[in-house]
Amino acid sequence: MRTVHTLKELRAIIRSYRTQGKRVGLVPTMGNLHEGHLALVRRAHEAADVVVTSIFVNPMQFGAGEDLDAYPRTLADDQRKLEAEGNTLLFAPPISEVYPDGLARQTRVIVPEVSEGHCGASRPGHFEGVATVVSMLFNMVQPDVAVFGEKDYQQLAVIRKMVRDLFIPVDVIGLPTIRDEDGLAMSSRNGYLSAAERKKAPALHRLLSETGAALLGGSDDYAGLETAAREALTAEGFRPDYFNIVNSLTLKPASPGDRQLTLLAAAFLGTTRLIDNLSIER
Ligand SMILES: Nc1ncnc2c1ncn2[C@@H]1O[C@H](COP(=O)(O)OP(=O)(O)OP(=O)(O)O)[C@@H](O)[C@H]1O
Ligand SMILES: CC(C)(CO)[C@@H](O)C(=O)[O-]
Ligand code: BAL
């Protein structure tokens, strides 16, 4: 596996893939790779001849006071894991390569509607940062296909809409969330949890599952279920950010007739913010 840090090197290699008629897959990440990321790499291998994984901790999607500086950077470990997966190329640019004129002067991509509410409300500017950097990565790598995780459900919806609205010629594949044995969604931020917090963490997935079961059982009392789930999270030691029952496609609050529902949740354990979701069909 090769690792490149500059756009010039990346472009030269992508050009040679194109000359050989290869189908290119992209897996955008922020590094500190775990089994969730590696499942995306495996899926990309099924859909493409060569797989480019990017590692870039994108400052534009972090708000003031968030964990940009603390975010784990583990390039050597990540390289070993990608090598073992048969990943073809790792693109790990420094900030100066992606934003040579600085963040303030950077052209930005705004995706309306699906980026509003939920994480978009709690992290103002976050999805603008995500859409901007993902559109840039698409232009840098020019992949045929790109793979993202459903763990970041709203992010995936934002990227799908951006691709549709801007006619970007990339197939977007979403992959189900990979979990630890106790149900906790794998995430780089799980590494911030203390041993005691890690024990409590699976309650987030459990409460999503219990609420999903109540919905499948026929309950339409969305507001009541949301309040009960937030109270249960608090009782489990979390500080809930949101627990919302939404229409799976629009991400707007669910209406009684909706058949495809998604439960979106974010909650803090100490200073660590965890997100998770569950989709059901009635
Ligand atoms: N448990 C998981 N299962 C499937 N995909 C995942 C999982 N965790 C992350 N991903 C996907 O990996 C890609 C890169 O995500 P990222 O590098 O932010 O990882 P992360 O572990 O979610 O980190 P963070 O703690 O910042 O949320 C995204 O498409 C994300 O949805
Ligand atoms: C898609 C992404 C790599 C853009 O920075 C990031 O938001 C992530 O890791 O999910
Ligand atoms: N996994 C989404 C990236 C972020 O939280 O900034």
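Bear in mind the structure is a predicted one, so any value in this text is a computation, not a measurement.

1. Focus: the UniProt feature "binding site: (R)-pantoate" (unreviewed entry) in the chain
Phase 1: Mapped onto this structure's residue numbering, the UniProt feature "binding site: (R)-pantoate" (unreviewed entry) falls at Gln61 and Gln155. In summary, the annotated positions, though distributed over 95 residues, converge in three dimensions, the widest C-alpha pair being only 11.3 Å.
Phase 2: Inspection of the secondary structure assignment puts Gln61 in the loop between strand S3 (50-55) and helix H3 (75-84).
Phase 3: Among residues more than four places away in sequence, those in contact with Gln61 are His126, Gly129, Val130 and Val133.
Phase 4: Counting through the fold element by element, Gln155 comes out in helix H7 (residues 153-165).
Phase 5: Apart from the residues within four sequence positions on either side, Gln155 is in contact with Val130 and Phe148.

2. A look at the pairing of strand S9 (residues 272-281)
Phase 1: Sheet topology places strand S8 (residues 260-269) next to S9; 10 bridges connect them, and they run antiparallel. By the bridge assignment, Leu263 is partnered in S9 with Leu278.
Phase 2: Here S8 folds back onto S9, and the loop between the two strands holds 2 residues, one of which, Gly270, carries a positive phi near 60 degrees.

3. Regarding the environment of Pro124
Phase 1: Tracing the backbone through its elements, the reader meets Pro124 in the loop between helix H5 (119-122) and helix H6 (126-141).
Phase 2: With 10 C-beta atoms packed within 10 Å, Pro124 lands in the exposed category.
Phase 3: Separated by 135 residues in sequence, Pro124 and Arg259 place their C-alpha atoms 30 Å apart.

4. Things to note about the site of ligand 2
Phase 1: In the vicinity of ligand 2, the contacting residues are Pro28, Thr29, Met30, Asn58, Gln61, Val130, Val133, Val134, Asp152 and Gln155.
Phase 2: Elements supplying a minimum of two residues to the shell around ligand 2: strand S2 (24-29) and H6.
Phase 3: When residues in the shell around ligand 2 are grouped by element, the largest group, 3 residues, is from H6.
Phase 4: Looking at the shell around ligand 2, its residues break down into 5 nonpolar, 4 polar and 1 charged.

5. Looking at the domain arrangement of the chain
Phase 1: Examined at the domain level, the chain breaks down into domain 1 (2-175) and domain 2 (188-281).
Phase 2: For domain 1 versus domain 2, the distance between C-alpha centres works out to 26 Å.
Phase 3: Contacts between the two partners involve 12 residues from domain 1 and, on the opposite side, 11 residues from domain 2.
Phase 4: Within the residue set of the side of domain 1 that touches domain 2, elements represented by two or more residues are H5 and H7.
Phase 5: Counting residues per element, the side of domain 1 that touches domain 2 draws most heavily on H7, at 3 residues.

6. Points about the sheet that holds S9
Phase 1: Read from one edge to the other, the open sheet built from 3 strands follows the order S7-S8-S9, with strand pairing classed as antiparallel. With partners counted over all chains shown, the strands left at the sheet margins are strand S7 (239-247) and S9, one partner each. Shown here is a sheet whose adjacent strand axes are inclined to one another by a mean of 10 degrees, direction ignored.
Phase 2: Pairing of S7 with S8, which is carried by 8 bridges, proceeds in the antiparallel orientation. Its bridge partner being in S8, Val246 is matched across the sheet by Thr262.

7. A word on the UniProt feature "active site" (unreviewed entry) in the chain
Phase 1: When the UniProt feature table is mapped to this numbering, "active site" (unreviewed entry) covers His37.
Phase 2: Looking at the secondary structure, you find His37 in helix H2 (residues 35-47).
Phase 3: C-beta crowding within 10 Å serves as the criterion here: with 25 such atoms nearby, His37 is assigned to the buried category.

8. Examining the packing of H6 against H7
Phase 1: The geometry of H6 relative to H7 is characterised by a closest axis approach of 10 Å and an angle of 50 degrees between their N-to-C directions. Comparing the axis directions of H6 and H7 gives the class oblique. The handedness of the crossing between H6 and H7 comes out as right-handed. Where H6 approaches H7, its residues Phe127, Val130, Ala131, Val134 and Ser135 are matched on the opposing element by Gln155, Val158, Ile159 and Met162.
Phase 2: Across the contact of H6 with H7, the residue classes tally to 7 nonpolar, 2 polar and no charged.

The rules we used
Residues numbered from 1 in each chain as written. Chains lettered and ligands numbered in written order. Predicted model: local features only at pLDDT ≥ 70, side-chain atom pairs only at ≥ 80, totals over all residues. UniProt positions renumbered as here; feature names shortened; annotations may be inferred. Helix = DSSP H or I, 4+ residues; strand = E, 2+ residues; numbered from the N terminus. Contact = placed C-beta atoms within 7 Å. Pairing = 2+ DSSP bridges. Buried ≥ 20, exposed ≤ 12 C-beta atoms within 10 Å, placed from the backbone. Near = placed C-beta within 6 Å. Nonpolar A, V, L, I, M, F, W, Y, C, P; charged D, E, K, R; others polar. Domains from an automatic or database assignment. Axes fitted to C-alpha atoms, helices over the stretch in contact; angles between N-to-C directions. Parallel < 35°, antiparallel > 145°, perpendicular 65-115°, else oblique. Left-handed = near helix turned anticlockwise from the far one by under 90°.

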